[in-house]
Amino acid sequence: MIGRRITHRTADGVRIPGTWRHAFIRNGRYFLTDLFIYADGLIDCWGLVTIEEFEEKLRTGWVAATIPDGAEAAAHDLGRWKFSDPRSRLTPELLLAEVLDTIDQLNQRPDSTGRCLAAVDAFLADRTEENRAAAHTAFLAIPASRRRYALGDMDRKDWPLRVLVAGPGGQTYLANDPPVSQESYDRALTYFEERARWSAERGTHVPADGPAAPHAPAVQLCHSYPNKPVVDPGHLGLRNDYPAPISVEEVVYPSVAHAYWALSVTQPDARSAITAADTAAEARKLAAATARLESWEHVRAAVMTSLLRAKYDQHPELAEILLATGDATVIYDDIESAFWGDNAGRGRNWTGRLLELVRSELHMRRIGIPGL
């Protein structure tokens, strides 16, 4: 299971997703370490190996599924100990099966559990003994250590599943289970019918607070150098360097960018020169060559938020353009700043986030939420 254990490695400039799990490596003594599993099928067990090579590592005991009594073990930089009456739920075959499932999950393919549940759906749609046998085979293909989690039901575990695939009069894979009675089988059928209904209802459920992800396609504000206003600027008008003058404490700045850079410096003369710069790019160059306010990086996001509010308050026509983006994610490119720009996923996109915040405030004002 991947859970929250997400990692990656880079190969030829490509990011390969992966995950990890604890394992013992036997190199003289046993070492507790992490086994890294990647979507391309390579596994790092003190060196990258293929699935076939990993299987050989399991066979020879380099990757240990069980530990003998009295064996010494260590965890680097933590400590050493000796095993007494060790117990393990794994075998080499089970560990290999779980790793294969993990590779399927990393590739968003059905793993053994997904394939089993698909076979069960096929049986429920057409209840022939042939389809039941296929579902039974698929169920037994799930690693025994994972079967109880197949339904995601921690109350019933895999009881409905093992009863369904065994059928009336059949025997489940658990030796202590009695032969499946007709009553038990009917209860298992009812469980899956109710499960199908729950699944259908969950698919149509709308969160009380609305969707987590936007419905509208993302809006990308590509880096540009707008020098003068135009009649219909479109998304260009959402750029901070677009020439939309704003007034802040009785000072008029040619654009948000001019105001931002002017407010970042300490010297009044420099501030005046930045305000009078012909372009936002020139304003940035002047600010970069001037002493900045102490701890500017701690206040810059708040300053930018105030400037964006001023821009869209003072330019209703641009506010309409921003509102027209709906709930779209705003991706702002800024080749000069990985803080303000998204920059092909390498930046933090703070300008885009703040534009979404100001847009939300404009929507709030429009619908008139009481008390705000």
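1. A short note on unusual backbone geometry
Look at W46: it is not a glycine, yet its phi comes out positive at around 65°. Its identity as a non-glycine residue notwithstanding, N349 has a phi of 60°, on the positive side. Among the secondary structure elements, N349 is positioned in the loop between β12 (330-332) and α12 (350-367). We classify N349 as buried; its relative accessible area is 10%.

2. With respect to the pairing of strand β1 (residues 7-11)
Where β1 lies against strand β2 (residues 14-27), 5 bridges are found, and the strand directions are antiparallel. Along β2, the bridge assignment pairs H8 with P17. The turn linking β1 back onto β2 is made up of 2 residues, and D12 within it adopts a positive phi angle of 55°.

3. A look at the packing of aromatic side chains
Applying the stated criterion across every chain yields a total of 13 aromatic pairs. Ring plane angle 80° and centroid distance 6.1 Å describe the contact between W46 and W62, whose orientation is recorded as edge-to-face. Of this pair, W46 sits in the loop between β4 (43-44) and β5 (48-49) while W62 sits in the loop between α1 (51-60) and β6 (63-64), and the two are 16 residues apart along the sequence. Members of the aromatic cluster, connected to one another through ring pairs, are Y260, W261, W296, F339, W340 and W350. The lysine or arginine in question, R9, covers the ring of Y38, its NZ or CZ lying 4.9 Å from the ring centre. The ring of F139 carries R147 above its face, with NZ or CZ at 5.8 Å from the centroid.

4. Let's talk about a negative patch on the surface
A cluster of acidic side chains, namely E52, E53, E55 and E93, defines a negative patch on the protein surface. One can find E52 in helix α1. We classify E52 as exposed; its relative accessible area is 58%.

5. Quick look at the packing of helix α7 (residues 256-263) against helix α10 (residues 296-314)
Look at α7 against α10: their axes get within 10 Å of each other, and the N-to-C directions meet at 150°. As α7 packs across α10, the resulting crossing turns out to be right-handed. Residues V256, A259, Y260 and L263 of α7 touch α10, and the partners they reach there are W296, R300, V303, M304, L307, L308 and K311. Its residues placed into classes, the contact of α7 with α10 shows 9 nonpolar, no polar and 2 charged.

Parameters and conventions
Residues numbered from 1 in each chain as written. Predicted model: local features only at pLDDT ≥ 70, side-chain atom pairs only at ≥ 80, totals over all residues. Heavy atoms only, no water. Helix = DSSP H or I, 4+ residues; strand = E, 2+ residues; numbered from the N terminus. Buried < 20%, exposed > 50% of the residue type's maximum accessible area, 1.4 Å probe, protein only. Pairing = 2+ DSSP bridges. Phe/Tyr/Trp six-rings, centres within 6.5 Å; stacked < 30°, edge-to-face > 60°. Lys NZ or Arg CZ within 6 Å of the ring centre and 35° of its normal. Patch = residues over 30% accessible without salt bridge, like charges linked within 9 Å, V, L, I, M, F, W, Y side chains within 5 Å. Areas by Shrake-Rupley, 256 points an atom, 1.4 Å probe, with all protein chains shown as cover. Salt bridge = Lys/Arg side-chain N within 4 Å of Asp/Glu carboxyl O. Lys, Arg positive; Asp, Glu negative; His and termini not counted. Charge placed at Lys NZ, Arg CZ, Asp CG, Glu CD. Axes fitted to C-alpha atoms, helices over the stretch in contact; angles between N-to-C directions. Left-handed = near helix turned anticlockwise from the far one by under 90°. Contact = heavy atoms within 4.5 Å. Nonpolar A, V, L, I, M, F, W, Y, C, P; charged D, E, K, R; others polar.

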